[in-house]
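Structure at a glance
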Amino acid sequence: MDGANLSLIAAAGAAAIAIAAIIWALRVTEGARSSIEVWKRRSREVEDALAGADGVFGAFPGIVLIWDEASASANEADCGKPRIYGSPLALASLLRFSDTAHAAEPSVRILQGLGVFDAHDATGGLARLAPALARLRREGAPFSLTISTPDGVFVEVDGRTAGARAVVWILDASARGVEEGGARGRIDEARQVIARDPAAFLEMWNEAPLMAWRVNGALKLEWANPQYLKALEAKSLEQAITRNLQLDQAASDLARRAIESGEAQSETRSAVVGGQLRTLQIHIAPITGGAAGSALDVTDVEASRDLLAKQQRAHDETLDHLAEGIAVFDAQKRLVFHNRAFEQVWQLDPGFLQDRPTHAAWLDHLKEKRKLPAHANYAEWRAGELALYQEVAELPQDLWVLPDGKMLRVARQRHPSGGLLVIFSDITNEISLRSQYDALLQTQKAALDKLHEAIVVFGLDGRLKLSNAAFSTMWKLEGVTLEADMPFDKVVGACEKLFHDRATWAQVRARITDPSPEARTEFRGEMRRSDESMLKFLTRPLPDGATLVAFQDITADRRVEDALRERAEAFEAADQLKTQFVENVSYQLRNPLQAIHGNAEMLQHKIFGPLNDRQDEQVSSIIEASGSLSKLIDNILDVAMVEAGNVQLDLGAMDVYATIAESVQMAASKARDTEVPIRIKCDPKIGAIEADQKRITQVIVNLLSNALRHTERGDTITVGAERLDGVVRLTVQDTGKGMAFDAQARAFDSFSSGDRRGAGLGLALVKSFVEMHGGWVALSSEPGRGVTVTCHLPATTPLTGPPPSPPEVKPKKRAAA
């Protein structure tokens, strides 16, 4: 029973398991069918998206490079192995820049070819493609570069990351065409790649830095990338498709023409993007079921192109104002630019230059006009000139001597756009001036060698520039050769055997090498050398920054100065001894003279009794002689005091007429004795001057006394005064026997007179007292026609300063009888 139950239970369990297996199998089969339908639907959606992306990709006028590797090599030259997308026309256009590349892959050749050209980033700064590409692949750093080729073509290169991939968009701005035929407009290899990885392809378009979209035959929007949606301010692709947002009406018209004509349409124009007016490069190509378009913002490119054109015009205008002749030959060796100076240098017909001759034709034309330098083999020289367009390590500079005597310096350099830039500088005057300068230097050197003074010139760097033969002789440098640019310390080292005071040499060096205004001044000094000679030196800065140092041997002069100094000291001692002697003698003579004069006056007044006529005459002679001797002693003392500087003026207001009258009254007694009348010729209202009345009276009395000594009965003495321009001219004139011409020069000297009857101190005192008042004295006379002495006295006596120089008065000579 138990066995039967067990069998029944086992059979029931087996049946239940079979039923469950059948149910599970049915469910699995249903799920598989459902999953297949889902994948079929997704496959159709992907194929539709790929078809749209494929159409947009075919409309893009450039190529796209994609790297799948996770990281880049540290070597910037390693471009990896990117996959390439784009139209054959864009690929062919970009391959023309790969002449210098060495890789076999087209994508790598393009990158290597573009990598040699200059590039600018979005800020305008200089950049290179290879480092930017390496950073993109290694760090994911995006970039946007504008590459300019020598032919003036601009290539836009933008790099972005798409997930783990690196994507680079390359657009040739000159590419405007489309492929031939619609079916051949697809690259089979690209389609296979897209089919293998459609998500990457769509992601690449979404990250593209340009607007891309697709429309159907009815011009309805079917797909657009995020850049397009952002430009049209659409929130989503569904909104843009629903509202059929087009770039503008002109873009729709361009798409219609592309569909109708079956050919791609391109244009560059302005459009409002994101509320701003931008310049767009629009390219729309027909595809299956409609058209695909792309729009690249080239505002910065157009601005750069305009800026480059302006800079080129400004550069040409600048070159046109230069004095040097400039000619630019392009890579085809044809003249593309020349300035006005070029025409003036070569005197060529403007029509010939406007025809843009080749370099060879230009040389032949100059040879025909006999304007080129003479060459033994012109053909060989011409070939050498044209060979300079090839890669030459260094372009030469030449000197052309033309048949008319003109000398040109010819310089060449590579032009950025290819070809050569040739500069012609007329150096005829420069060579002539240099020759004259060299001749002047030789003349200067010869002249310096003739000088007795030692001359040496140092530059601001302390190096020797010039020296004369006297320098080597004076410093005894027979065994030393003074070379150009010899350091100052080395020159001083050769001179230290005669003068080793380093402090003085340091002062001289400071004047040479210190550029400060304080140091660039004249410096003088003396050097006493070890051979007992004495030198005087002078440093003087020169206009070119150099410093001249001159040495003069003053040994003999210094010996003469010492001798003269000793002699002057001896004269000073003798003069002092003379002054002391005069003072002592005058003092010793005055006492006995007063006794003689007093006793004689007592005898003359007959105090001791009457005198006979002979005695009375002798007493009168004693009184007269004693009076003259007393006056002489007074004059001697006055002269000594004046020469010693011990006389002080007692200045005050002095009436000129009253002083003259008083002085004449003092001299009147002697005038009566000689029967010579003294007349006054002066306006009583002449006024007063500032003077010492006592000294001026002494001046007039001395002049009258001198006149009375040299006049006889029948002669006349006139004292006059007049005021003119703040100066009073006081004149004493007589009609006596006059004064010899040789005596007039010594008339105002001490202890000198016109004859042997007096010591001549009166006129010396006159000159001294007048000069102490700030005036001067003049004397005029002719033998037999009297003497005129004129004292010029200022109305106000100066406190300090020497008297003014009197005008030169030349004595007149009497005509022969």
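Residues numbered from 1 in each chain as written. Predicted model: local features only at pLDDT ≥ 70, side-chain atom pairs only at ≥ 80, totals over all residues. Heavy atoms only, no water.

Turning next to the sheet that holds strand β3 (residues 118–120). Across the sheet, which stays open at both edges, the 7 strands sit in the order β2-β1-β7-β6-β5-β3-β4 with antiparallel pairing between neighbours. The outermost strands of the open sheet, each flanked by one partner alone, are β2 (83–86) and β4 (126–127). As judged from the 3 bridges shared by β3 and strand β5 (residues 143–148), these two strands associate in the antiparallel manner. Counterpart to Asp118 in the pairing with β5 is Ser148. Helix α2 (residues 88–95) contacts β1 (62–67), β2, β6 (154–162) and β7 (165–172) of the sheet and is inclined by roughly 85° relative to β1. Across the sheet, helix α3 (residues 106–114) is in contact with β1, β2, β5, β6 and β7; its angle to β1 comes to roughly 105°. (Pairing = 2+ DSSP bridges. Helix = DSSP H or I, 4+ residues; strand = E, 2+ residues; numbered from the N terminus. Contact = heavy atoms within 4.5 Å. Axes fitted to C-alpha atoms, helices over the stretch in contact; angles between N-to-C directions.)

Bringing the environment of Gln444 into the picture now. Note on placement: Gln444 falls in helix α15 (residues 428–449). You can call Gln444 partly exposed: its relative accessible area is 39%. Taking C-alpha positions, Gln444 is 9.8 Å from Asn468, a pair spaced 24 residues apart along the chain. (Buried < 20%, exposed > 50% of the residue type's maximum accessible area, 1.4 Å probe, protein only.)

Here we take up the pairing of strand β17 (residues 420–426). Most of β17 is tucked away: 5 of the 7 residues are buried. Pairing analysis gives 5 bridges linking strand β13 (residues 325–329) to β17, with the strands arranged antiparallel. Its bridge partner being in β17, Gly325 is matched across the sheet by Phe424. Sheet topology note: the strand β16 (residues 407–414)/β17 ladder contains 7 bridges and is antiparallel. What sits directly across from Gln413, in β17, is Leu421. Counting the residues between successive antiparallel strands, the hairpin from β16 to β17 contains 5 residues, one of them, Gly418, with a positive phi of roughly 100°.

Moving on to the sheet that holds strand β29 (residues 787–794). By definition, the strands of a sheet pair up through backbone hydrogen bonds, in either a parallel or an antiparallel sense. Overall, mixed pairing links the 5 strands, which are arranged β24-β26-β27-β29-β28 in an open sheet. Each edge of the open sheet carries a strand with a single partner, namely β24 (678–682) and β28 (776–781). This sheet shows a mean twist of 15° between the axes of neighbouring strands, independent of strand direction. Looking at chain direction, β24 and strand β26 (residues 717–724) are connected through 5 bridges and run parallel. Across the sheet, the residue bridging to Ile678 is Ile717, located in β26.

Moving on, we get to a nonpolar patch on the surface. A grouping of Leu603, Ile607 and Phe608 is seen on the molecular surface, where their side chains present a nonpolar patch of about 320 Å² in accessible area. Mapped onto the elements of the fold, Leu603 is located in helix α19 (residues 555–604). Leu603 gets classed as partly exposed once you look at its relative accessible area, which sits at 35%. (Patch = residues over 30% accessible without salt bridge, like charges linked within 9 Å, V, L, I, M, F, W, Y side chains within 5 Å. Areas by Shrake-Rupley, 256 points an atom, 1.4 Å probe, with all protein chains shown as cover. Salt bridge = Lys/Arg side-chain N within 4 Å of Asp/Glu carboxyl O.)

Parts of the prediction with low pLDDT should not have their coordinates interpreted in detail. In the predicted model, the protein chain carries a mean pLDDT of 80, and 80% of its residues have values of at least 70. Counting contacts from residues 176–190, a segment whose pLDDT is below 50, to residues more than four positions away or on other chains yields 22 contacts. (pLDDT = per-residue confidence, 0-100.)

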